[in-house]
Amino acid sequence: MNAPETPIAHLRSTLEGIACLDAPGDLTRLSRDFYWFSPILKEQLDGKQAELVVQPATQEEVVRVVAACARAGIVVTPRGLGTGNYGQAVPLRGGVVLDLSRLKQVLWTRPGAVRAEAGARMSEVDIETRKIGWEQRMLPSTFRGSTIGGFYCGGGVGIGSNNYGMLKEPGNVLGVKALSMEAEPRMVEYRGRQAIDLHHAYGVNGIILEVEFALAPALPWIEFIVSFADFSDAAAFAQILGESDGIAKKGISAHQWPLPRSYRPLKDVLRDGEAVVMTLVAEHSEEAFRELAKAAGGAVIYTNDARAPGAKKITLQEFMWNHATLHALRAGEPVTYLQLGYPQGRNLELVRRLTEVFGDEITQHLEFIRVKGQMTCSGLPIVRFTDAARLRAVMRKLEEEGIYIADPHTWWVEDGGKKSINPRHVEIKADMDPAGLLNPGKLRAWEERIQGQSAAEQRKSIFWDS
Ligand code: FAD
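Quick summary incoming for the structure in this document. Given the structure is predicted, the values throughout are model-derived calculations rather than measurements.

Calculation notes
- Residues numbered from 1 in each chain as written.
- Predicted model: local features only at pLDDT ≥ 70, side-chain atom pairs only at ≥ 80, totals over all residues.
- Heavy atoms only, no water.
- Near = heavy atom within 4 Å.
- Polar contact = N/O pair within 3.5 Å; in protein donor to acceptor, adjacent residues only side chain to side chain.
- Areas by Shrake-Rupley, 256 points an atom, 1.4 Å probe, with all protein chains shown as cover.
- Helix = DSSP H or I, 4+ residues; strand = E, 2+ residues; numbered from the N terminus.
- Nonpolar A, V, L, I, M, F, W, Y, C, P; charged D, E, K, R; others polar.
- Domains from an automatic or database assignment.
- Axes fitted to C-alpha atoms, helices over the stretch in contact; angles between N-to-C directions.
- Parallel < 35°, antiparallel > 145°, perpendicular 65-115°, else oblique.
- Left-handed = near helix turned anticlockwise from the far one by under 90°.
- Contact = heavy atoms within 4.5 Å.
- Buried < 20%, exposed > 50% of the residue type's maximum accessible area, 1.4 Å probe, protein only.
- Pairing = 2+ DSSP bridges.
- Phe/Tyr/Trp six-rings, centres within 6.5 Å; stacked < 30°, edge-to-face > 60°.
- Salt bridge = Lys/Arg side-chain N within 4 Å of Asp/Glu carboxyl O.

**Overview of the site of the ligand**
Around the ligand sit 36 residues in total, of which Pro 78, Gly 80, Thr 83, Thr 147 and Val 157 are the nearest. Ser 141 is positioned with one of its backbone polar atoms (N or O) 3.0 Å from an oxygen atom of the ligand. Here an oxygen atom of the ligand sits 3.3 Å away from a polar atom, N or O, in the main chain of Tyr 202. Against a free-state accessible area of 970 Å², the protein chains account for coverage of 98% of the ligand. Counting residues per element, the ones that place at least two in the shell around the ligand are β3 (76–79), α6 (148–154), β10 (207–217) and α11 (321–330). A total of five residues in the shell around the ligand trace back to one element, the largest contributor, which is α6. When the residues that make up the shell around the ligand are grouped by side-chain class, the tally is 15 nonpolar, 20 polar and one charged. If you count residues domain by domain, the shell around the ligand takes at least three from each of domain 1 (7–99) and domain 2 (221–337 + 340–405).

**Quick notes on the packing of helix α9 (residues 231–243) against helix α12 (residues 347–358)**
Here α9 crosses α12 at 160°, and the two axes come no closer than 10 Å. The orientation of α9 with respect to α12, classified from their angle, is roughly antiparallel. For the element pair α9 and α12, the recorded crossing hand is right-handed. Residue-level contacts link Phe 231, Ser 232, Ala 235, Ala 236 and Gln 239 of α9 to Asn 347, Leu 348, Val 351 and Arg 352 of α12. Of the residues contributing to the contact of α9 with α12, the split by class is five nonpolar, three polar and one charged.

**Quick notes on the pairing of β10**
Burial analysis of β10 places ten of its eleven residues in the buried class, which makes it a mostly covered element. Two elements, strand β6 (residues 113–117) and β10, share five bridges in a ladder whose sense is antiparallel. Following the sheet pairing, Glu 117 is matched in β10 by Glu 210. In this structure, strand β7 (residues 134–136) lies alongside β10, joined through three bridges in antiparallel fashion.

**Thoughts on the sheet that holds strand β2 (residues 52–55)**
Pairing is mixed across the open sheet formed by four strands, whose spatial order is β1-β2-β4-β3. Two strands lie at the open edges of the sheet, namely β1 (19–21) and β3, each paired on one side alone. On average, adjacent strands in this sheet sit at an angle of 25° to one another, irrespective of strand direction. Pairing of β1 with β2, which is carried by three bridges, proceeds in the antiparallel orientation.

**Overview of the packing of aromatic side chains**
For the structure shown, the criterion picks out eight aromatic pairs. Relative to Phe 289, the ring of Phe 224 has its centre 4.6 Å away and its plane inclined at 45°; by these criteria the two rings are tilted. Placement of Phe 224 in strand β11 (residues 221–228) and of Phe 289 in helix α10 (residues 286–295) is noted, with a sequence separation of 65 residues between them. On the basis of relative accessible area, Phe 289 is assigned to the buried category, the value being 0%. Measuring from ring centre to ring centre gives 6.1 Å for Phe 237 and Phe 289, while their planes differ by 55°; the resulting arrangement is tilted.

**Points about the side chain of Gln 55**
With respect to the element layout, Gln 55 can be found in strand β2. Among residues more than four places away in sequence, those in contact with Gln 55 are Ile 18, Ala 19, Leu 21, Leu 30, Glu 61, Asp 99 and Arg 102.

**A word on the pattern of salt bridges**
All told, the structure shown has 32 salt bridges when counted by the stated rule. Residue Lys 131 pairs with Glu 128 through a salt bridge whose shortest N-O separation is 2.9 Å. Owing to a relative accessible area of 29%, Glu 128 belongs among the partly exposed residues under this scheme. Across the salt bridge formed by Arg 191 and Glu 189, the nearest N and O atoms sit 2.8 Å from each other. In this structure Arg 191 comes out as partly exposed when scored by relative accessible area, which is 39%.

As structure tokens, this is what we get:
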């Protein structure tokens, strides 16, 4: 007698005409993201993988896959390009990885706005919007490959946040179209404030099919590196630049030595032992920018006019945000990282304090962003890694100092950036994914609602308790 057909084999037989992958190498490759950035997540997530990867090419195909999975009770983890760094796209309970990267049409552009299918790459969306004189308000440093849907569901800040704040600020996201995880899937359009309720939720409360973002006027950018003997001076210059509203710039980041030592492609440019500020300045602002840098005691050591003949292919944007972390990790030192938020008004004082308290255990990397109209910074420091207990102690100390931590060593939605349970997440999930099949194991409030645990227990972090 033949062995009974497994639910996954049966599912596959119903998906004729849609690309499906089940070779072991494909399952491993497409079940991973950059969770290995964290030694803690690496230990917990290595080996977790899907039983089938499905790659629909149209929205109709997505509907077919979702309907079939919902009917069979098979769990689904959506995926863009897998550049998330908290294991967001890692399937914790097998099932299907729904790779949406083939769903990539830019649907329309108009002055100030773009609408694209979720799998469109951020870089490709930018190419389209530039054709009408506009560009995206912010890009993750993974802009070359990461998808607009993945950025909306897994990211939320980037190069340009010095002008427009985080993605969740009102007016940046205009709308999204989401698909419910049901036997008869519904397409639901969320607009304005409601569209933020599904943002940074790792796809647990709907499969995003289309994203509509607001845009900024496109400008001709020149990249600069300004070098400083002292990191505090570099941070102070970055702050002043951020506050100089007449100078058009995009992305402002400050890097403490020895972090720049790991930036191999820039090794002939960087000065040994010095801190740097990297930024993109609009062509018409170059003169004012150079004057500001000189007055702050900085030396301009690098420029790259991306449009000029012979311009360098390398872009400083790939040394900003978590790309700096990537360079540091690739250098092979025993280090890890944190993600910090500095309160407006006290950020420079706390940046100085961090060096006093932690010495060379922490190497600072700051990204300057606008929060509620005020310039402050996010920190992505490189931390010498000994063990999880020491990392916890460092995090506690930082919190005592008044610094906010977006824990990058957890895959729970609530314990990372959000730090609180958003009741709307649970409400939307109950509506859009009533059987809890979407990316299960990531939304703590949902898991514990099912298990009937108390609200107090819901707030405990897996990382802090481990
Ligand atoms: P994925 O990693 O594939 O997915 C992210 C999450 O969204 C997963 O939970 C996935 O299940 C879900 N998802 C993806 N697509 C959909 C969909 N269509 N519907 C429902 N759920 C979906 N982030 C920033 O915000 N700013 C940065 O500057 C930044 N820099 C980074 C630098 C490096 C080196 C690395 C490794 C990461 C960085 N990130 C940054 C994180 C990450 O690159 C961004 O969040 C990125 O935009 C994710 O896009 P992706 O297509 O790779 O999504």
